[in-house]
Amino acid sequence: MSIKVLADKCTGCKLCLKACPVSAITIVGKKAVIDLEKCTLCSACVDACKFSAIVIEKHAAKTEDLTDYRGVWVFAEQKKGLIQPVAYELLGEGRRLANSLKVELSALLLGSNFSNQAQELIARGADSVYVIDSPFLANFLDEPYTNALFYLVNKYKPEIVLAGATTIGRSLISRVAVRLNTGLTADCTGFEIDLKSRCLLQTRPAFGGNIMATIVTKNNRPQMATVRHKVMKEAAVDTNRKGKVIKEILNGQLLNSRSSLLDFVADITQKQNLAEADIIVSGGRGLKAAENFKLIEELAASLGAAVGASRAAVDAGWMAYSHQVGQTGRTVCPKIYIACGISGQIQHLVGMQSSQIIVAINQDPSAPIVQIANYALVGDLFEIIPLLTKRFKGAL
Amino acid sequence: MDIIVCIKQVPETGDVKINPQTNTLIREGVKSIINPFDMYAIEEGLRLKEKFGGKVTVVTMGPPQAENALRETLSLGTDEAVLVTDKAFAGSDTWATSYILSCVIKKLSPFDLIICGKQASDGDTAQVGPGISVHLDIPQVTFVRKIEKIEGGFCQVERLTEDGFEIIKTPLPVLLTVVKEINEPRLPSLRNMMRAKSAPIKKLTVNELELDKNKIGLDGSPTQVVKIFTPPPRQKGIIFEGDASDIADKLVAALKDAILQAKSHK
Ligand SMILES: Cc1cc2nc3c(=O)[nH]c(=O)nc-3n(C[C@H](O)[C@H](O)[C@H](O)COP(=O)(O)OP(=O)(O)OC[C@H]3O[C@@H](n4cnc5c(N)ncnc54)[C@H](O)[C@@H]3O)c2cc1C
Ligand SMILES: Nc1ncnc2c1ncn2[C@@H]1O[C@H](COP(=O)(O)O)[C@@H](O)[C@H]1O
């Protein structure tokens, strides 16, 4: 791989200099000069140059025949036979992408003892559903699921494969992408299609959301991405839609797993699944004691919301780790996030700042959470929360 | 028990910003730390070693200054540190990174366990761990919150999911990625801090590894970053102050529609 400036074309206009994210370009004698020590070959300058004066030569670009790959696939995650809501979000977004590429949208369903799950996916917009129904796939296990996806993708060659950025999605798709020798972009929050190249422009937060990056997989197919929960709009239900169900069978050996699932223990502290929640009420050190989390739980109950916590509250033992939001906990993206007695340090913000509406209840008007909140209630949470609980109970 | 821990040096969260005039990453004054989740990976390695004997080898791929991160792990009590660094590795995405690390780990074989953090705080991908396990063709368990037992060539672990945890049994060698709940990292000891200053760090460059040069660095990476930008700032919000009852009324009025909407699409 190498990058060079074509001296006969370069006009010294500095467009590349502005585009370079790592300040690797200087203008010397009206020509751009690239510092190869700094350059990461990101190609931002190539795109910015209006004179085609910068070229990157990829030596080993393995450009297989990309045109063999057609169609948009979404992985329809199921647990105990129940299709997870994130699959409907993927179908909503997948529909849009498939329409702009003028191709079919398909869902992929792995599991056991299915009844009408494939029809549900069709009602949500899938043109076809690929199903592998086997007792070995009843619960998620890395190896057989990887084998199944690998087999189906190789057989049908979709150009895009999307999955939820869930526990299952992240474990599984990472493996499949490596097996397929293709690119994978994690935890995306936005997609566009570049119609000329049929490339998927995948936008995602990096550095905890301080920066956004757009990523493409130019020369490999399929283009794979996991998608953040709750960012994409769920596909609407249309029970009149028709679609194909394609049943596949996986050879016994591919269903083997070296690891085995012995048991599942449900988290009884979580009445609502934090990742899937539309509304989250979170508590922090401002609650002062474990028993005061009852206030948070009551407010959450009045709203049908899930309960979150800051790390300070978790480390103090007031809440289980599974509720922790932030850099070393979960990343959430609900419609409404209500932070009570949380100061909003950066490590907390990176886990929730993509929420649609942020509400802060804090007595300190200078707390960072107040600065980013859509609605900031400055006052004593011990007074305000019980009032809110009562009002919401009455109003909803 | 021979344990390999993979760590990444990352910029301290919050320090990373884009200069709005030039649209470039501001690098000056950005402090580097060990990726927070990797601290739990190191601690778990140390605890297993204390229980079963053996050694903990820490591996990182990164620029030469990642040596500092390795010295920090030595001050916590790890046995060996390997720095994988070469210009040829620059620009590697998660595919290429996990490929390179798997080649390094093959060279360090045999091992019983590889431990990674759940994800790195700069990219948040959670892809490198699973990638390594595929390249090495060993089983993996992601998001481990507890190692229940290791015996007879198997380990039994708890894997955190969105709605609880799974108990998984898997043969060794295996790759685990760990979450914060698994332990509380220790502080460096004086003795180890002294040792860390001068302990040798093994350096590996591209020529010392058996790997396919077409699969590394930017060339070997299927994904490419084509644009970086600052997210649009959040709209300036509304502040309610004063009488609590008043404030509560105002919020309910302001949120009611949004709440009904959030609930209705269910
Ligand atoms: C490597 C690393 C990783 C981290 N990861 C995370 C993470 O994943 N998640 C996370 O949350 N943190 C994380 N942190 C910790 C983070 O930096 C903060 O320390 C933590 O978020 C603070 O929690 P808090 O807001 O609850 O507490 P505090 O910062 O103590 O804030 C309490 C707030 O409550 C308000 N308050 C007090 N009493 C009242 C009252 N009666 N009424 C109204 N308001 C009141 C105060 O004004 C204050 O703003 C991490 C830190 C590090 C170094
Ligand atoms: N460059 C690297 N060197 C060593 N280990 C790494 C590197 N990048 C990622 N890892 C490991 O992989 C985990 C997940 O990283 P990521 O996939 O980047 O989120 C980290 O917590 C580390 O354990």
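Residues numbered from 1 in each chain as written. Chains lettered and ligands numbered in written order. Predicted model: local features only at pLDDT ≥ 70, side-chain atom pairs only at ≥ 80, totals over all residues. Heavy atoms only, no water.

### Some details on helix α11 (residues 381-395) of chain A
Owing to its 3.6 residues per turn, the α-helix brings residues three or four apart onto one side.
Reasoning step 1: Its 15 residues place the ends of α11(A) 20 Å apart at the C-alpha level, agreeing with the 21 Å of an ideal helix rising 1.5 Å per residue.
Reasoning step 2: Along α11(A), the residues that are buried comprise L381(A), I384(A), I385(A), L387(A), L388(A), T389(A) and F392(A).
Reasoning step 3: The elements touched by buried residues of α11(A) are α7 (293-303), β20 (336-340), β21 (357-362) and β22 (375-378) of chain A together with α6 (244-264) of chain B.
Reasoning step 4: Looking at where α11(A) begins, the residue whose side-chain oxygen comes 3.0 Å from the main-chain nitrogen of F382(A) is D380(A). (Helix = DSSP H or I, 4+ residues; strand = E, 2+ residues; numbered from the N terminus. Expected span 1.5 Å × (residues − 1). Buried < 20%, exposed > 50% of the residue type's maximum accessible area, 1.4 Å probe, protein only. Contact = heavy atoms within 4.5 Å. Polar contact = N/O pair within 3.5 Å; in protein donor to acceptor, adjacent residues only side chain to side chain.)

### Description of the site of ligand 1
Reasoning step 1: Residues in contact with ligand 1 amount to 27 residues; listed here are only the nearest, R285(A), S310(A), T328(A), S343(A) and N362(A).
Reasoning step 2: Positioned at a junction of chains, ligand 1 has nearby residues supplied by chains A and B.
Reasoning step 3: S310(A) is positioned such that a nitrogen or oxygen atom in its side chain is 2.6 Å from an oxygen atom of ligand 1.
Reasoning step 4: The side chain of Q324(A) places a nitrogen or oxygen atom 2.7 Å from an oxygen atom of ligand 1.
Reasoning step 5: Expressed as a share of its isolated accessible area of 1,000 Å², the protein-covered part of ligand 1 is 80%.
Reasoning step 6: Of all the secondary structure elements, the ones that give two or more residues to the shell around ligand 1 are α8 (311-315), α9 (346-349) and α11 of chain A.
Reasoning step 7: Among the residues forming the shell around ligand 1, the class breakdown is six nonpolar, 16 polar and five charged. (Near = heavy atom within 4 Å. Areas by Shrake-Rupley, 256 points an atom, 1.4 Å probe, with all protein chains shown as cover. Nonpolar A, V, L, I, M, F, W, Y, C, P; charged D, E, K, R; others polar.)

### What about the pattern of salt bridges?
Reasoning step 1: Under the criterion given, the structure shown has 33 salt bridges over all chains.
Reasoning step 2: Between K79(A) and E162(B) there is a salt bridge; the shortest N-O distance is 3.3 Å. Taken together, the residues span two chains, with K79(A) in strand β6 (residues 78-79) and E162(B) in the loop between β10 (154-161) and β11 (164-171).
Reasoning step 3: Judged by its relative accessible area of 18%, K79(A) is buried.
Reasoning step 4: Residue classification places E162(B) among the buried residues on the basis of a relative accessible area of 6%.
Reasoning step 5: Measuring nitrogen to oxygen at the nearest pair gives 3.1 Å for the salt bridge that ties R159(B) to E166(B).
Reasoning step 6: Judged by relative accessible area, R159(B) falls into the buried class, the value being 1%.
Reasoning step 7: You can call E166(B) buried: its relative accessible area is 10%.
Reasoning step 8: Among the ionic contacts, a cluster of salt bridges with common partners joins E89(A), K230(A), D278(A) and K335(A). (Salt bridge = Lys/Arg side-chain N within 4 Å of Asp/Glu carboxyl O.)

### Considerations on the confidence of the model for chain B
Reasoning step 1: For chain B, the average pLDDT comes to 93, and 95% of its residues sit at 70 or higher.
Reasoning step 2: Both scores are given for the predicted complex: the pTM is 0.90, the ipTM 0.93. (pLDDT = per-residue confidence, 0-100.)

### A few points about the site of ligand 2
Residue and element names in this part refer to chain B.
Reasoning step 1: Inspection of the region around ligand 2 gives 18 residues, with C6, D38, A120, T125 and A126 positioned closest.
Reasoning step 2: Note that an oxygen atom of ligand 2 is positioned 3.0 Å from one of the backbone N or O atoms of G117.
Reasoning step 3: Within the backbone of V128, a nitrogen or oxygen atom sits 2.9 Å from an oxygen atom of ligand 2.
Reasoning step 4: In isolation ligand 2 has 480 Å² of accessible area, and contact with the protein removes 97% of it.
Reasoning step 5: Sorting the residues of the shell around ligand 2 by element identifies β6 (55-61), α3 (94-108) and β8 (113-117) as the ones contributing at least two each.
Reasoning step 6: Here the shell around ligand 2 gets three residues from one element, more than from any other, and that element is β6.
Reasoning step 7: Of the residues in the shell around ligand 2, the class split is nine nonpolar, seven polar and two charged.

### Points about the interface of chain B and chain A
Reasoning step 1: Every contact between the two is made by 92 residues of chain B and, on the other side, 112 residues of chain A.
Reasoning step 2: A buried area of about 8,800 Å², summed over both sides, lies between chain B and chain A, and 57% of it is on carbon and sulfur atoms.
Reasoning step 3: Considering only the surface of chain B that becomes buried against chain A, E162(B), Q224(B) and R234(B) emerge as the three largest contributors, covering 10% of it.
Reasoning step 4: For the pair chain B and chain A, the number of links is five salt bridges. (Buried area = accessible area lost by both parts, 1.4 Å probe.)

### Examining the layout of surface pockets
Residues and elements named next belong to chain A.
Reasoning step 1: Put simply, the second largest pocket is a space of about 1,000 Å³.
Reasoning step 2: For the lining of the second largest pocket, the secondary-structure elements that each account for two or more residues are α9 and α10 (368-372).
Reasoning step 3: Considering only residue class, the lining of the second largest pocket consists of 15 nonpolar, 13 polar and six charged. (1 Å grid on protein atoms, 1.4 Å probe; cavity = no way out; pocket = protein on both sides within 12 Å on 5 of 7 lines; lining within 4 Å. Points joined across faces, edges and corners; volume = space filled by probe spheres on them.)

### A short note on empty space enclosed by the protein
Reasoning step 1: Throughout the structure, instances matching the rule amount to eight cavities of 30 Å³ or more.
Reasoning step 2: Roughly 390 Å³ of volume is contained in the largest cavity.
Reasoning step 3: Contributing to the lining of the largest cavity are 22 residues, with A165(A), R330(A), T331(A), K118(B) and E162(B) lying nearest its centre.

### Side note on the sheet that holds strand β9 (residues 140-151) of chain B
Reasoning step 1: On the basis of which strands lie adjacent, the open sheet formed by ten strands has the order β17(A)-β11(B)-β10(B)-β9(B)-β12(B)-β8(B)-β1(B)-β6(B)-β7(B)-β13(B) and mixed pairing. In the strand order of this sheet, the two ends are held by β17 (260-266) of chain A together with β13 (202-204) of chain B, each with one partner. Averaged over neighbouring strand pairs, the angle between their axes works out to 30° when direction is ignored.
Reasoning step 2: Relative to β10(B), β9(B) is paired through six bridges, and the arrangement is antiparallel. Across the sheet, V144(B) pairs through a bridge with R159(B), a residue of β10(B).
Reasoning step 3: Set on the sheet, helix α6 (residues 167-179) of chain A makes contact with β9 and β10 of chain B; between it and β9(B) the angle comes to about 95°.
Reasoning step 4: Packing of helix α1 (residues 36-52) of chain B onto the sheet brings it into contact with β1 (2-6), β6, β8, β9 and β12 (174-178) of chain B, and relative to β8(B) it is tilted by some 155°. (Pairing = 2+ DSSP bridges. Axes fitted to C-alpha atoms, helices over the stretch in contact; angles between N-to-C directions.)

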